[in-house]
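# Results of the structural survey
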Amino acid sequence: MTEHVEWSEPEAAAAPVNAPVTPADAADAARLVAFGLQPKLQPARDQEYAELLRRYREDPPFARLADAVAAGLGLIVLEVSPRAGMAVTAAEDSVFAVRMGDYARRASADSGDRFLHGLAHLAVSALAFPRPEDLADDGYIGRVSVNGVDAFVRQACRRLEERAEETGENTDPATDAPGLEAAWRIWARRSSTGATKDARRLAGSTTGIIAKAVAFLTESGFLQRTGDDAGGTYRTTARYQLQVRDMAGSAAMAELLELGVVPVTDGTATLLPAEDGEDLELAAGAGLPFHS
């Protein structure tokens, strides 16, 4: 009689549940966060960065360690992927936070221009991603131009002026009025270019303010310059899409989009046509986002 023997696959060695964190692990996690703070650095061009991203995705304890390092620095991890790298944004109390007041003071000596600088950044993001599906589509690339953004804001100003006249409120708004209501008059009264005698664009003109905004976004790895037409043309990056997703629920952005200045018809965003006789210096196709 043959003895029956049950065979079974050898059990795989169980991974340690609470493996101790080594100084090397902490250094690697901090290194990954440091890469994330270099927004222009592309993982595809840095082998160490790409390897740390792979480890983050495949090693949950390491991912939690990197998240903890980021949180300790006041950073919020938006996404970790080959396309965006380790995309982080600064929390309000983070030492890495860039406040609009500080940005405006660096960009202009006039403290009253803070509204205009904030509106320029808001308009760039709204024109780059005018629809919720644009923000949800990782393959979507928005394209904007300096002159296109200025034309967009001036059309929004006209909408706000019409709305104020309809409600009989065509006077300076109260201090507790919505932000756009307080800002549109300042923008509408400001020269679009205000070029100097040697044809240089004035820094305090609206296109000058927009140029500062897109330059800052380019330096921050959110936009890439693509040409000099229409005051400068730019395309969005994956990091900018993530940043705009994070702020898409803001009241100011919702208010701007609700004005209907960027109607959507066949899947592309378009500016409303200018009124007869108006010259907004908007080159054909300038400032209009599209799929690539």
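First, a word on scope: everything that follows refers to the structure included in this document. (Residues numbered from 1 in each chain as written. Predicted model: local features only at pLDDT ≥ 70, side-chain atom pairs only at ≥ 80, totals over all residues. Heavy atoms only, no water.)

## A word on the packing of helix α5 (residues 114-128) against helix α10 (residues 238-247)
One can describe the packing of α5 onto α10 by two numbers: an axis separation of 11 Å at closest approach and a directional angle of 105°. One way to sum up the angle between α5 and α10 is to call them roughly perpendicular. On α10, the residues touching His121, Leu122, Val124, Ser125 and Ala128 of α5 are Tyr240, Val244 and Met247. The residue inventory of the contact of α5 with α10, partitioned by class, reads six nonpolar, two polar and no charged. (Axes fitted to C-alpha atoms, helices over the stretch in contact; angles between N-to-C directions. Helix = DSSP H or I, 4+ residues; strand = E, 2+ residues; numbered from the N terminus. Parallel < 35°, antiparallel > 145°, perpendicular 65-115°, else oblique. Contact = heavy atoms within 4.5 Å. Nonpolar A, V, L, I, M, F, W, Y, C, P; charged D, E, K, R; others polar.)

## Describing the pattern of salt bridges
In total, this model carries 13 salt bridges according to the counting rule given. With a closest N to O distance of 2.9 Å, Asp28 and Arg55 form a salt bridge. Within this pair, whereas Asp28 is found in helix α1 (residues 23-36), its partner Arg55 is found in helix α2 (residues 47-58), the two being separated by 27 residues in sequence. In this structure Asp28 comes out as partly exposed when scored by relative accessible area, which is 27%. (Salt bridge = Lys/Arg side-chain N within 4 Å of Asp/Glu carboxyl O. Buried < 20%, exposed > 50% of the residue type's maximum accessible area, 1.4 Å probe, protein only.)

## Thoughts on the pairing of strand β1 (residues 75-81)
Relative to strand β2 (residues 85-90), β1 runs antiparallel, the two being bridged by six bridges. In the sheet register, Ser81 faces β2, and the bridge partner there is Gly85. Linking β1 to β2, which pair antiparallel, is a turn of three residues. (Pairing = 2+ DSSP bridges.)

## What to know about α2
Helix length check: α2 (twelve residues) gives 16 Å between terminal C-alpha atoms against 16 Å at 1.5 Å per residue, within 8%. Here α2 has its buried residues at Tyr49, Leu52, Leu53 and Tyr56. End-on, the buried residues of α2 take up no more than an arc of 105°, which puts them together on one face. Across from the buried face of α2, at angles greater than 90 degrees, the exposed residues are Gln47 and Glu58. Those residues of α2 that are buried lie in contact with α1, α3 (60-72), β1, β2 and α10. (Expected span 1.5 Å × (residues − 1). Arc of directions from axis to C-beta.)

Function-wise, these values are silent; they only describe arrangement.
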